[in-house]
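Here is what each chain is made of, one letter per residue.
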Amino acid sequence: MATLSVCDNPACAVTVEEKRDICPKCGGPMRRVGDSPARGIVLLITGLFLLGAGGALSLFLGPMMLNPDPARFTGSPAQGRLFFSLFVLVALMGLAGLGNGIHLMRTGQQSGLLKIVTLALGAILVLMAVYIIVAMPKSA
Ligand SMILES: [Zn+2]
């Protein structure tokens, strides 16, 4: 994503897709809008959290989900695999966010590829969650 600069003069308010200090139209000062290092830290913390949560769930619940013990997990093996892939997806999303945060702090810009990966993983996660809620019969 390109860095945007916006003219500080409200009567002009020109936006250009580059780093500029002086407005090309009125010559006034411009301020930069876009990805700030603070967002990198937010991405990093969110990524760490998702990675930790998804990773812990995969590690601790994964064996049970992949080899369901009827006494502890009432779902079918297919449900177990579905839940397990949900946890792995959460962890992968965290990993992508983590990488993007580091990339943003090092370069001042988000990685386009990692952003797409995060969005794609998020979309799959939402679809799977909707599938579980809507399509899956209650096992109880
Ligand atoms: Zn201007």
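Not measured: the values here are computed from a predicted model.

Student: Help me understand the UniProt feature "transmembrane region" (unreviewed entry) in the protein in this model?
Tutor: As annotated in UniProt, the feature "transmembrane region" (unreviewed entry) corresponds to residues 40-62, 82-101 and 113-134 in the numbering used here. The distance from the first to the last C-alpha atom of residues 82-101 is 28 Å, and the span holds 100% helix and 0% strand. Split by type, residues 113-134 is 100% helix and 0% strand. Its first and last C-alpha atoms lie 31 Å apart.

Student: How do you make sense of a nonpolar patch on the surface when you look at a structure like this?
Tutor: On the surface, Val-126, Val-130, Ile-133 and Val-134 cluster together to form a nonpolar patch covering roughly 400 Å² of accessible area. With respect to the secondary-structure elements, Ile-133 resides in helix α3 (residues 112-134).

Student: Got a minute to help me understand the side chain of Ser-111 in this structure?
Tutor: Secondary-structure assignment places Ser-111 in the loop between α2 (77-107) and α3. Of the residues examined, Ser-111 reaches a relative accessible area of 11% and is grouped as buried. A polar atom in the side chain of Ser-111 sits 3.1 Å from the backbone nitrogen of Leu-114. Sequence-distant contacts of Ser-111, that is, excluding residues within four places in its chain, are made with Asn-100 and His-103.

Student: Any chance you could explain the pattern of salt bridges here in plain terms?
Tutor: Any two side chains of opposite charge can pair, so long as their charged atoms come close to each other. Within the structure shown, the criterion is met by two salt bridges. Here Asp-8 and Arg-31 are joined by a salt bridge, their closest N and O atoms 2.8 Å apart. Residue Asp-8 is found in the loop between β1 (4-7) and β2 (15-16), and its partner Arg-31 is found in strand β3 (residues 30-33); the two are separated by 23 residues along the sequence. We classify Arg-31 as partly exposed; its relative accessible area is 43%. With a closest N to O distance of 3.3 Å, Glu-18 and Arg-20 form a salt bridge. Here Glu-18 falls in the partly exposed class, since its relative accessible area comes to 40%. Arg-20 sits in the partly exposed class, given a relative accessible area of 29%.

Student: Honestly, the environment of Pro-68 in this entry has me stumped. Any pointers?
Tutor: Relative to the helices and strands, Pro-68 is located in the loop between α1 (37-66) and α2. As a C-alpha pair, Pro-68 and Arg-81 span 13 residues in sequence and 9.4 Å in three-dimensional space. When neighbours within four sequence positions are excluded, Pro-68 is seen to be in contact with Phe-73 and Pro-77.

Student: Which parts of the structure should I look at to understand the side chain of Gln-110?
Tutor: When you line up the elements, Gln-110 lands in the loop between α2 and α3. We classify Gln-110 as buried; its relative accessible area is 6%. One polar contact links Gln-110 to Asn-100, side chain to side chain, over a distance of 2.9 Å.

Student: I keep staring at α2 and nothing clicks. Help me out?
Tutor: The periodicity of an α-helix, 3.6 residues per turn, causes residues three or four positions apart to be oriented the same way. A rise of 1.5 Å per residue sets the reference length of α2, with its 31 residues, at 45 Å; its end C-alpha atoms lie 44 Å apart and thus fit the reference within 8%. Phi turns positive one or two residues past the end of α2, at Gly-108, with a value near 80°.

Student: What should I look at first to understand the coordination of the zinc ion in this one?
Tutor: Perfect tetrahedral coordination of a metal by four donors corresponds to 109.5 degrees between them, and perfect octahedral coordination by six donors corresponds to 90 or 180 degrees. Protein ligation of the zinc ion involves Cys-7 (SG), Cys-12 (SG), Cys-23 (SG) and Cys-26 (SG), the donor distances falling in the range 2.2 to 2.4 Å. If you look at the zinc ion, its four donor atoms make angles of 102 to 114° with each other, and the shape they trace is tetrahedral. For the zinc ion, all donor residues lie on one chain, and their spacing in sequence is C-x4-C-x10-C-x2-C. With a gap of 19 residues between them, Cys-7 in strand β1 and Cys-26 in the loop between β2 and β3 connect regions that are remote in the sequence. Taking the relative accessible area as the measure of exposure, Cys-7 reaches 3% and is therefore buried.

About the cut-offs
- Residues numbered from 1 in each chain as written.
- Predicted model: local features only at pLDDT ≥ 70, side-chain atom pairs only at ≥ 80, totals over all residues.
- Heavy atoms only, no water.
- UniProt positions renumbered as here; feature names shortened; annotations may be inferred.
- Helix = DSSP H or I, 4+ residues; strand = E, 2+ residues; numbered from the N terminus.
- Patch = residues over 30% accessible without salt bridge, like charges linked within 9 Å, V, L, I, M, F, W, Y side chains within 5 Å.
- Areas by Shrake-Rupley, 256 points an atom, 1.4 Å probe, with all protein chains shown as cover.
- Salt bridge = Lys/Arg side-chain N within 4 Å of Asp/Glu carboxyl O.
- Buried < 20%, exposed > 50% of the residue type's maximum accessible area, 1.4 Å probe, protein only.
- Polar contact = N/O pair within 3.5 Å; in protein donor to acceptor, adjacent residues only side chain to side chain.
- Contact = heavy atoms within 4.5 Å.
- Expected span 1.5 Å × (residues − 1).
- Donors = N, O, S within 2.8 Å, 3.2 Å for Na, K, Ca; no water.
- Tetrahedral: all angles 85-135°; square planar, octahedral: opposite > 155°, others 65-115°.

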